[in-house]
Amino acid sequence: MVLFAEYLPYRVTYCLPLVDWHPMSRPLDKTCYELSSSGDFMQWHQATVLHQCLSQTAVMLSLKRKWTPRNAFDLCSHCLMCVPRNLQITKEHFALYQQEITPREKVHERCKNICTPKDTFNRTLLHTHDKSRTDLEQVPKIFMKPDFALEDSLTFNAVLPWSHFSTAGGKGNRDAASSKLLQEKLSHYLDIVEVNIAHQISLRSEAFFHAMTSQHELQDYLRKTSQAVKLLREKISKIDKVMCEGSLRVLRLSLTRNNCIKAYNKLKLMATVHQTQPTVQLLLSTSEFVGALDLIATTQEVLQQELQGIHSFRHLGSQLCELEKLIDKMMIAEFSTYARNDLNRPLEDDCQILEEERLVSLVFGLLKQRKLNFYEIYGDEMIITAKNIIKQCVVNTVSQIEEIDTEVVVKLADQMRMMNFPQWFDLLKNIFSKFTIFLKRIKATLNTIRSVVFLVLDKNQKTRDLEDTLQKNSAKDSTVDTEVAYLTHEGMFISDAFSEGDLLPVAADTTSQRNTSPNSEPCSSDSVSEPECTTDSSSSKEQTSSSVTPGGVEMMISDDMKLTDLELVRLANNIQELLYNASDICHDRSVKFLMARAKDGFLEKLNSNEFVALSRLMEGFILDTEQICGRKSMSLRGALQSQANRFVNRFHEERKTKLSLLLDNERWKQAEVPAEFQDLVDSVSDGRISLPEKKTAATEERKPAEFLIVEGQKYATVGTVLLLIRIILEYCQCVDNIPSITTDMLTRLSDLLKYFNSRSCQLVLGAGALQVVGLKTITTKNLALSSRCLQLIVHYIPIIRAHFEARLQPKQFSMLRHFDHITKDYHDHIAEISAKLVAIMDSLFDKLLSKYEVKAPVPSACFRNICKQMAKMHEAIYDLLPEEQTQMLFLRINASYKLHLKRQLAHLNVVNDGGPLNGLVTSDVAFYTGNLQALKGLNNLDLNMAEIWEQKR
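What this report covers is the structure whose coordinates are included nearby.

When its secondary structure is counted, the protein chain shows 31 helices and four strands. For the protein chain, buried positions account for 41% of its 953 residues. Considering only intrachain contacts with a sequence separation of at least 6, the fraction spanning at least 24 residues in the protein chain is 77%. Carbon and sulfur atoms provide 55% of the accessible area of the protein chain, an area that totals close to 53600 Å².

Structure follows, in structure tokens:
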């Protein structure tokens, strides 16, 4: 009991109503537990009750405030309830507590005098606070831990070691002293804590008591307020019954009616949406893909905006998406079928579009679904159809030729190679005609597709212009649409009810419309006036505009085409490129057909007429395709150029070989000119460079002429040159027939002219004809005839040059320099022949005049011999060369004669002194001059014989 009494002060923390529980009170619980466990229950109970009462008293004493409890329960309700009725309380019960609390009271008074009021903060308060903190630091940290619990054996042993309470052995006195020391230490800790608690309470007690005293006034205010609110509610209730209840009921019924109308319209809309799938199936059965897509798009928008969240339609959106994907596949398959049917129609001379309405509908649907690569399907079908066209044409032609046994020759290419040129040429012509119709048909179809694309593009542009206009107008006249809220059972805002006045007549109109047109589509009559049921945000947005294609097909273009202008322009360009590809495909297939026939060298064996006919046919087809498609295709043109190059090589080699044979057999004698050659030359003179047509009977009766008349001049020529002129004209005509080989023909013709010049020089000037032909000698007549033939060719070179120049591109004019070089070579050759003729006479003069002696008789034998040779020369060349050339030639011969005579006279020391020798020489010279001027065409020749005499110095 003594031990328990000593621990009584620690229980004060349990009874303080304004002080938090502190863990230092835990040791007392353990002590009481020990007393109860020892069996002295009555003593323990009395001590507990007294402890609680004294603790409550200590609390009131520590507060030191004038506070009067209203009843016994305010003093210590817990103590009165716990004190037994038969317990007698005397002053002795308080003696021990009074002894313990007296020193603490003194400490409390001392602290009270030291502490300053809380509203003044000075150095003393700071010092006191610091001292309190210092005192609290003396308390072991273990009591301050948040997880302090004496139930923990380690914590309990640290606070109350069991060794202090052990009475075993002879250590009782020492253990008692240790226990007392521990008790004093804990008491000291308690004092420190209580002082700090009291200090904190003193700082906050004034506000607490002020709140307690003002609580009664607050309760009075609340009571008066409650009565005023009750009175106000009664007045409002009366006003509500008299003035508002009827009006609100009318508004509520009106809103209810409108809500019912909306619900009805929603149900009608749901019924229509429910019929979407059967309707789509019905449209697809008639290939109305555009209508089905529009219906799906409208339904999707209605589901997302007006029927969103409806449980019964939760799967309809995904089903419509799958249906839309199915329609995409169906449209692609349908377009593929259409392309196949369109391209595989019989290729008659008919370019009408197959089922234009169906095509327009398909293209519009594909554009709506952004399937912008549908034109590739058409391109693939074009390739297959082009192959089939050639195959079918070959099969039809082979079946009509009896010479080809299809059972023996199985392969189609081998059967085609067995055709002769006329049969193969007709086959190629048939293929080209089929391809021409094929391209025209493709062009018509692609033009229709492009027109659809351009109509959509134009619609987009108009839509943008309309939106810009509407935006400008809306900026000037803007209106605000009021939203109508649903009225709940609790009422609504009056401002929301004001708009119902406008809805009532509209609702009546919708009722009449619904009665007059019960079968109308939802959201078209009843729902026009309902803001939440209108389809302005859904199906009505798909406003359509009517457009007409070039073929007269009307189609509806909706505003939901989500294609940009760039995509549409790119698609239109791709479709135009597809037309170009069609031309390329036809040309490529034609090239393969051409190469298949050329494998055995068939095309290289064609004669000029056949190849020209083939070239003209191919050129005509190329021009037709370029006119249809608007662009050049180079594959067939390149194949034609390749074959033309081979033809040119063979053509040139044949002519060159022929010319070589003619020159090797030419005896260089003047040949008669047949009438056909004269006609040929005459046609060239008239500006027509072409080969003559078949000979008529009248032409065959005409006799050959001795000379070839060219623009009034006579040309003595050999047979080789006549044929060379014809060959030259063949080159020129070949250029007219095949313009693509102009440059090659120019090069080959230049080579041919150079060959003739060099070879004729070798044969005549080089005397090659002596060994090749077997001539005994090259006479002056041979030389003059060769010169005249060269002059004839030179006469035609400018004409040939002009012919080629008219057919060359400006950048190819540099090739014309070949003709300039050839002309120079021919002139040099002619000059060499003239020099050769002069050289022949010069050697004769040197031989004869070196033996000349000035003596009688006159004329001397030397001069008579010279005049005889001059006459022979004149006779040989006069009929071959023009008079002017003859005079020039004899002037040069005369100059050579004078030079040799002057040298011989100087050697003989004969001078012009009027002596006998001078007279003899003068007589011989006069004889020479007379004979020379007596020759035909030389009578006016100025011989100037005075130059034979040395001039006096």
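This part is about helix α31 (residues 916-933). Its 18 residues give α31 an end-to-end C-alpha distance of 26 Å, which sits within 8% of 26 Å, the value for a rise of 1.5 Å per residue. Those residues of α31 not exposed but buried are Asn-918, Val-921, Asp-924, Val-925, Tyr-928, Thr-929 and Leu-932. Around the axis of α31, the buried residues are gathered within 140° of arc, so they sit on the same side.

What follows deals with the state of the cysteines. Here the structure, examined in full by the defined rule, presents zero disulfides. Left without a disulfide partner, Cys-629 is nearest to the cysteine sulfur of Cys-586, which lies 7.5 Å away. Its relative accessible area of 2% is what places Cys-629 among the buried residues.

The geometry of an aromatic ring pair is captured by the separation of the ring centres together with the interplanar angle, meaning the angle of the planes. Here the structure, examined in full by the defined rule, presents 15 aromatic pairs. On the numbers, 4.1 Å between centres and 10° between planes, the contact of Phe-611 with Phe-647 is stacked. Separated by 36 residues along the polypeptide, Phe-611 in helix α20 (residues 608-629) and Phe-647 in helix α21 (residues 634-664) bring together distant segments of the chain. As far as the burial class goes, Phe-611 and Phe-647 line up, both buried. Aromatic ring contacts, followed pair by pair, group Phe-845, Tyr-852, Phe-863, Tyr-897 and Tyr-928 into a single cluster.

Here the focus is a nonpolar patch on the surface. A contiguous nonpolar patch, built from Ile-239, Val-242 and Met-243 and spanning about 340 Å² of accessible area, is present on the exposed surface. Checked against the element boundaries, Met-243 lands in helix α9 (residues 172-274).

What follows deals with the packing of helix α27 (residues 780-805) against helix α28 (residues 817-849). Packing of α27 against α28 brings their axes to within 10 Å, and their N-to-C directions diverge by 165°. Considering their axes alone, α27 and α28 lie roughly antiparallel with respect to each other. When you trace α27 past α28, the crossing you get is left-handed. Facing Thr-780, Leu-783, Ser-786, Ser-787, Leu-790, Gln-791, Ile-793, Val-794, Ile-797, Ile-800, Arg-801 and Phe-804 of α27, the residues of α28 in contact are Phe-819, Asp-820, Ile-822, Thr-823, Tyr-826, His-827, His-829, Ile-830, Ile-833, Lys-836, Leu-837 and Ile-840.

This next bit is on unusual backbone geometry. Across residues other than glycine, the phi torsion is negative in most instances, and most of the peptide bonds are trans. Here the amide bond leading from Ala-856 into Pro-857 is cis, since omega sits at 0°, within 30 degrees of zero. Residue placement: Pro-857 occurs in the loop between α28 and α29 (861-877). Each neighbour pair has its own omega, and for Val-858 with Pro-859 the value is -5°, a cis peptide bond. Residue position: Pro-859 is located in the loop between α28 and α29. Phi is positive for Glu-711, which is not a glycine, with a value near 55°. Its location among the elements puts Glu-711 in the loop between β3 (708-710) and β4 (713-715). In the Ramachandran plot, Asn-944 falls in the positive-phi region, its phi being about 50° despite a non-glycine side chain.

Once that is clear, we can look at the side chain of Thr-720. Checked against the element boundaries, Thr-720 lands in helix α24 (residues 719-737). On the accessibility criterion, Thr-720 (1% relative accessible area) is buried. If we skip the residues at most four places from it in the chain, Thr-720 touches Leu-659, Leu-662, Leu-663, Glu-666 and Phe-756.

What follows is about the pattern of salt bridges. Pairs can form between side chains of opposite charge whenever their charged atoms are close. Applying the stated criterion to the full structure yields 19 salt bridges. Taking the shortest distance from any N to any O, the salt bridge between Arg-650 and Glu-654 comes out at 3.0 Å. In this pair, Arg-650 and Glu-654 both sit in helix α21, four residues apart, roughly one turn of the helix. For Glu-654, a relative accessible area of 37% gives the class partly exposed. Its salt-bridge partner being Asp-751, residue Lys-656 comes within 3.2 Å of it at the nearest N-O pair. With Lys-656 in helix α21 and Asp-751 in helix α25 (residues 742-765), this pair connects stretches of sequence that are 95 residues apart. One salt-bridge network, held together by shared partners, links Arg-650, Glu-654, Arg-655, Arg-726 and Glu-730.

The topology assignment puts Ile-585 in helix α19 (residues 565-597). The sequence separation of Ile-585 and Ala-386 amounts to 199 residues, and the corresponding C-alpha distance is 7.3 Å. If we skip the residues at most four places from it in the chain, Ile-585 touches Gly-379, Met-382, Ile-383 and Ala-386.

Topologically, Gln-281 is positioned in helix α10 (residues 276-285). Residue Gln-281 is classed as partly exposed on the basis of its relative accessible area of 45%. Along the sequence, Gln-281 and Ala-292 sit eleven residues apart, while their C-alpha atoms lie 8.1 Å from each other.

Ranked by size, the top nonpolar core spans 194 residues in total, and within it Trp-424, Phe-804 and Phe-890 carry the most contacts. Among the elements that take part in this core, helix α16 (residues 421-476) stands out by supplying 18 residues, more than any other. Each residue touching Phe-890, except ones within four places of it in the same chain, is listed here: Met-870, Met-873, His-874, Ile-877, Leu-932, Leu-935, Leu-938 and Leu-941. In this structure, Phe-156, Leu-160, Tyr-189 and Ile-192 belong to the second largest nonpolar core, which totals eleven residues.

Quick notes on the rules
Residues numbered from 1 in each chain as written. Predicted model: local features only at pLDDT ≥ 70, side-chain atom pairs only at ≥ 80, totals over all residues. Heavy atoms only, no water. Helix = DSSP H or I, 4+ residues; strand = E, 2+ residues; numbered from the N terminus. Buried < 20%, exposed > 50% of the residue type's maximum accessible area, 1.4 Å probe, protein only. Contact = heavy atoms within 4.5 Å. Areas by Shrake-Rupley, 256 points an atom, 1.4 Å probe, with all protein chains shown as cover. Expected span 1.5 Å × (residues − 1). Arc of directions from axis to C-beta. Disulfide = S-S within 2.5 Å. Phe/Tyr/Trp six-rings, centres within 6.5 Å; stacked < 30°, edge-to-face > 60°. Patch = residues over 30% accessible without salt bridge, like charges linked within 9 Å, V, L, I, M, F, W, Y side chains within 5 Å. Salt bridge = Lys/Arg side-chain N within 4 Å of Asp/Glu carboxyl O. Axes fitted to C-alpha atoms, helices over the stretch in contact; angles between N-to-C directions. Parallel < 35°, antiparallel > 145°, perpendicular 65-115°, else oblique. Left-handed = near helix turned anticlockwise from the far one by under 90°. Core = buried A, V, L, I, M, F, W, Y, C linked by side-chain atoms within 4.5 Å.

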